[in-house]
Amino acid sequence: MKDKLIIFDTTLRDGEQSPGASMTREEKVRIAKALERLKVDVIEAGFPAASPGDFEAVQAVARIIKDSTVCGLARALDQDIDRAGAALKDANRTRIHTFIATSPIHMQMKLHMQPDEVIAHAVRAVKRATQYTDDVEFSPEDAGRSDEDFLCRILEAVINAGATTVNIPDTVGYSIPQQFGATIANLIKRVPNSDKAVFSVHCHNDLGLAVANSLSAVMNGARQIECTINGLGERAGNASLEEVVMGVRTRKDVFSCQTGVDTREILNCSKLVSSITGFPVQPNKAIVGANAFAHEAGIHQDGILKSRETYEIMRAEDVGWSANRMVIGKHSGRNAFKSRINGLGFEFSSEKDLNEAFSRFKQLADKKHEIFDEDLQALISEAGFEAEDEYVKLIYLKVNSETGEIPNAAVTLRVDNKEVMGSSDGGGAVDASLKAIEKLVMTKATLELYSVNNITNGTDSQGEVTVRLEKDGRIVNGLGADTDIVIASAKAYINAVNKLHSCVQRRHPQQGNV
Ligand code: KIV
Ligand code: ZN
């Protein structure tokens, strides 16, 4: 019997801390449901004390998820622990994850505390968390740069106080695999009550080593990995869930543990997170990149045709590629549409929502011959965006673009329920359209990113556009999809404007004094 390796997903918490990746409550619930289908053990749903919006999102996830444990993050402060306890009240299985920094630089410069005070705060926080749940996790933040003797002291104290998981974060992505693995082995050996808690790791990817560090920790006794879909997360991101899970599964010969993840759901989850956050997946990304299983070189193709193991160490269908390629088109009925959408893990909350989505599908099918799962994902995401806060809505767009002439766009919008019209010249059709919209909405935001990806193959593919806007320190990503990329761009810009309009400034969990 192999040990269980607990998969703790923090896409909704650390992933969301990625600039521009903030998600609405509904989006978080959709991702949480997909994570539950993926059979992750723990879903860290957010940081309830950060804002009322974060609290409500954690509460909504806690109410809907039945199989995975739902976790809330809390600084080592009474009020944070109480907020987490309240947000998780209705969950089937709950965990409170509390943390305080332990590296010399963080204790001196950020906390202004002596090491003994830090231990006292940690113990108090863990004890308080046990009043809400018997599943309590403690993290010494910046453990990667903390003194090992001090880590031993604080871990022993929090385990005595009731922590059942102790998580070792490499907060700034400073560790190197062999050294990080040795640290985990030492901690497990040196902490006298280490057998009373699961040792976990949480690695950031600043040196591109998050997955390597996590796997090295597992080889040295860690039995929980904290990770995110597509490696989303602060700065260079966190360890990518799909890579750690497939690493452990593919190299069964090396690891003496296994996860309970249903790997066939990996691709769906990856696409969902990418389309909700607007962070595209690079084509050469392991496991979920478009090229991950594509063989271009003739010599490889020849080998694959003779025996697939010549060049493939994993089966594409085991991570969700091509398993669900059932194509639907303009003649498909409502039932086929509904069952395909359900197969993607999305359920309509009412007949009205189903009818609206079906009518969008028909419009798309008129323009595009075959509809793939990727098109349906984009269609649901778009319906979700529009349902949220439609302060601005696109009514009409006309673009003139011809050789030798300056492109011009005329646009009609509904802004706060009033129709307004405007036009603008631009360097190209997209530029003119976005300028015409900006003239009407006047966000004065800075355009930080504009990118287009085709969702499927072929020139009739839908283009998925991401627009990132920054205003007063707030960063939002807008998404839009259409077979016409000028319209997709206008939709993406408007989606970002709506998000700016509704977005509440969030506090960063690691910015507080404790
Ligand atoms: O990176 C980090 O240290 C964290 C902690 C809150 C676990 O995200
Ligand atoms: Zn982190």
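Rules used throughout
Counting restarts for each chain: residues are numbered from 1 in the order of the written sequence. By the order in which they are written, chains take letters starting at A while ligands take numbers starting at 1. A pLDDT threshold of at least 70 governs which residues receive local features in this predicted model, and a stricter bar of 80 or more applies before side-chain atom pairs are shown or counted, although totals over entire chains, interfaces and linings include all residues. Excluded from the side-chain calculations are hydrogens and water; all other atoms, namely the structure's heavy atoms, are used. The helix and strand labels rest on DSSP assignments: H or I over at least four residues marks a helix, E over at least two residues marks a strand, and numbering proceeds from the N terminus. To sort residues, take the accessible area from a 1.4 Å probe on protein chains only and compare it with the maximum for the residue type: under 20% means buried, over 50% means exposed, and anything in between is partly exposed. The start and end points of each domain follow an automatic or database-based domain assignment. What makes two residues a contact is simply this: any of their non-hydrogen atoms within 4.5 Å. Defined here as a combined quantity, buried area equals the accessible surface (1.4 Å probe) lost by two parts on assembly, summed across both. The salt bridge criterion pairs a side-chain nitrogen of Lys or Arg with a carboxyl oxygen of Asp or Glu, the two atoms within 4 Å. Residues are called lining when one of their atoms sits within 4 Å of a cavity or pocket point, these points coming from a 1 Å grid over the protein atoms alone, where a cavity is a set in which a 1.4 Å probe fits but cannot get out and a pocket is an open set with protein on both sides within 12 Å along at least five of seven lines. Grid points are joined across faces, edges and corners, and a volume is the space filled by probe spheres set on the points. When residues are grouped by polarity, Ala, Val, Leu, Ile, Met, Phe, Trp, Tyr, Cys and Pro land in nonpolar, Asp, Glu, Lys and Arg in charged, and all others, Gly among them, in polar. Helix span, as expected, comes to 1.5 Å for every residue beyond the first. As used here, the arc belongs to the directions running from the helix axis to the C-beta atoms. The rule is short: rings of Phe, Tyr and Trp, with Trp giving its six-membered ring, pair when the centres are within 6.5 Å, and they are stacked under 30 degrees, edge-to-face over 60, tilted in between. We count a charge as sitting over a ring when the NZ of a lysine or the CZ of an arginine lies within 6 Å of the ring centre and within 35 degrees of the ring normal. At least two bridges found by DSSP between two strands are what make those strands a pair. We call a residue near a molecule or strand as soon as one heavy atom of that residue lies within 4 Å of the molecule or strand. Residues adjacent in sequence count toward polar contacts only when both atoms are side-chain atoms; beyond that, a polar contact is any pair of N or O atoms within 3.5 Å, and within protein one must be able to donate a hydrogen and the other to accept it. All accessible-area figures derive from a Shrake-Rupley calculation using a 1.4 Å probe, and residue coverage is judged against the displayed protein chains alone. Angles shown run from 0 to 180 degrees and are taken between the N-to-C directions of axes, each axis being a line fitted to C-alpha atoms and, for helices, limited to the stretch in contact. For Na, K and Ca the donor cutoff is 3.2 Å, while for all other metals N, O and S atoms must lie within 2.8 Å; water is not among the atoms, so some sites may look incomplete. Values of pLDDT, the confidence the predictor places in each residue, fall between 0 and 100. The term nonpolar core refers to a set of buried residues drawn from Ala, Val, Leu, Ile, Met, Phe, Trp, Tyr and Cys, joined through side-chain atoms within 4.5 Å.

### Quick look at unusual backbone geometry
Glycine aside, residues mostly have negative phi, and peptide bonds are mostly found in the trans state.
Part 1: With a phi angle near 65°, Asn-230 is a residue other than glycine that sits in the positive phi range.
Part 2: Its location among the elements puts Asn-230 in the loop between strand S9 (224-227) and helix H9 (241-250).
Part 3: Look at Asn-230 and you get buried, because its relative accessible area is 16%.
Part 4: A positive phi angle, close to 70°, is found at Ile-287, a residue other than glycine.
Part 5: Tracing the sequence through the fold places Ile-287 in the loop between helix H10 (266-277) and helix H11 (298-306).
Part 6: Ile-287 gets classed as buried once you look at its relative accessible area, which sits at 7%.

### Considerations on the domain arrangement of the chain
Part 1: For the chain, the assigned domains read domain 1 (3-277), domain 2 (293-320), domain 3 (334-385) and domain 4 (388-501).
Part 2: Inter-centroid distance (C-alpha atoms) of domain 1 to domain 2 is 35 Å.
Part 3: In this complex, domain 1 contributes seven residues to the contact, which on the side of domain 2 involves six residues.
Part 4: Between domain 1 and domain 2, the buried area comes to about 520 Å², and carbon and sulfur atoms account for 62% of it.
Part 5: Of all residues in domain 1, Met-246, Thr-250 and Arg-264 give up the largest surface area on contact with domain 2, accounting jointly for 59% of the area buried on that side.
Part 6: Applying the counting criterion to the domain 1 and domain 2 interface returns one salt bridge.

### Thoughts on the layout of surface pockets
Part 1: One number sums up the size of the second largest pocket: a volume of about 740 Å³.
Part 2: Contributions of two or more residues to the lining of the second largest pocket are made by H10, helix H14 (373-388), strand S16 (446-454) and strand S17 (463-471).
Part 3: Tallying contributions element by element places H10 first for the lining of the second largest pocket, with four residues.
Part 4: The class makeup of the residues in the lining of the second largest pocket is 11 nonpolar, 12 polar and four charged.

### Looking at helix H7 (residues 177-190)
Part 1: Compared with the 20 Å implied by 1.5 Å per residue over 14 residues, the 20 Å span of H7 between its first and last C-alpha is a close match.
Part 2: Among the residues of H7, Phe-180, Gly-181, Thr-183, Ile-184 and Leu-187 are the ones counted as buried. Buried positions in H7, seen along its axis, are confined to an arc of 155° and lie on one side of it. Along H7, exposed side chains directed more than 90 degrees from the buried face belong to Gln-178 and Lys-189.

### Quick look at the packing of aromatic side chains
Here a ring pair, both rings aromatic, is described through the centre-centre distance and the interplanar angle of the planes.
Part 1: Summed over all chains, the structure comprises four aromatic pairs.
Part 2: The interplanar angle of 25° and the centroid separation of 4.9 Å between the aromatic rings of Phe-337 and Phe-361 together place this pair among those described as stacked. With Phe-337 in helix H12 (residues 334-343) and Phe-361 in helix H13 (residues 351-367), the pair connects residues that are 24 residues apart, well separated along the chain.
Part 3: By relative accessible area, which is 0% here, Phe-361 ends up buried.
Part 4: Site record: aromatic cluster; members linked through ring pairs are Phe-337, Phe-348, Phe-358 and Phe-361.
Part 5: Between the NZ or CZ atom of Arg-468 and the centre of the ring of Phe-279, over which it lies, the distance is 5.3 Å.

### Considering the pairing of S17
Along a regular strand, successive side chains alternate from one face of the sheet to the other.
Part 1: Within S17, eight of the nine residues are buried, leaving the element largely enclosed by the surrounding structure.
Part 2: Relative to S17, S16 runs antiparallel, the two sharing eight bridges. Bridge pairing in S17 places Val-452 opposite Val-465.
Part 3: Pairing of S17 with strand S18 (residues 474-482) involves nine bridges; the strand directions are antiparallel. Bridge pairing in S18 places Thr-466 opposite Leu-479.
Part 4: Hairpin connection between S17 and S18: a loop of two residues separates the two successive antiparallel strands, and Asp-472 in this loop has a positive phi of roughly 45°.

### With respect to the site of ligand 1
Part 1: The environment of ligand 1 is made up of 11 residues, and the closest members are Arg-13, Asp-14, Thr-171, His-202 and His-204.
Part 2: Within the side chain of Thr-171, a nitrogen or oxygen atom sits 2.6 Å from an oxygen atom of ligand 1.
Part 3: When isolated, ligand 1 has an accessible area of 260 Å², and the protein chains bury 99% of it.
Part 4: Counting residues per element, the ones that place at least two in the shell around ligand 1 are strand S5 (94-101) and strand S6 (136-141).
Part 5: Within the shell around ligand 1, the residues separate by chemical class into two nonpolar, six polar and three charged.

### Looking at the sheet that holds S17
Part 1: Taken together, the three strands give an open sheet; going across it, the order is S16-S17-S18, and neighbouring strands pair in antiparallel fashion. Strands with a single pairing partner mark the edges of an open sheet, and in this sheet they are S16 and S18. Across the sheet, the axes of successive neighbouring strands diverge by a mean angle of 15°, strand direction being ignored.
Part 2: Those strands touched by helix H16 (residues 485-502) are S16, S17 and S18, and its axis lies near 150° from that of S18.

### Details of the coordination of the zinc ion (ligand 2)
Part 1: Only Asp-14 (OD), His-202 (NE2) and His-204 (NE2) from the protein coordinate the zinc ion (ligand 2), and they sit 2.0 to 2.2 Å from it.
Part 2: Considered as a linear motif, the donors of the zinc ion (ligand 2) on their single chain read D-x187-H-x1-H. With Asp-14 in the loop between strand S2 (6-9) and helix H1 (25-37) and His-202 in strand S8 (residues 198-203), this residue pair connects regions lying 188 residues apart in the sequence.

### Focus: the sheet that holds S9
Part 1: A barrel is described by the order of its strands in space; here eight strands give the closed sequence S2-S3-S4-S5-S6-S7-S8-S9, paired in parallel fashion. The average undirected angle you get between the axes of adjacent strands in this sheet is 25°.
Part 2: The sheet strands contacting H7 are strand S7 (165-170) and S8, and the helix crosses S8 at an angle near 155°.

### Here's the deal with the confidence of the model for the chain
Part 1: Averaged over the chain, the pLDDT score is 91; the fraction of residues at 70 or greater is 93%.
Part 2: Note that residues 504-514 has pLDDT below 50 and, in this model, 36 contacts with residues that lie over four places away or in other chains.

### Quick word on the nonpolar core
Part 1: Counting 94 residues, the largest nonpolar core has Leu-38, Phe-138, Leu-155 and Val-201 as the members making the most contacts within it.
Part 2: Tallying contributions element by element places helix H6 (residues 148-161) first for this core, with eight residues.
Part 3: The residues that make up this core include at least three from each of domain 1 (3-277) and domain 2 (293-320).
Part 4: Those residues in contact with Val-201 that lie beyond four places of it in its chain are Asn-167, Ile-168, Phe-180, Ile-184, Ser-214, Ala-217, Ala-222, Gln-224, Ile-225 and Glu-226.
Part 5: Judged by nonpolar contacts, the second largest core, of 27 residues, contains Val-411, Val-430, Ala-436 and Val-441.

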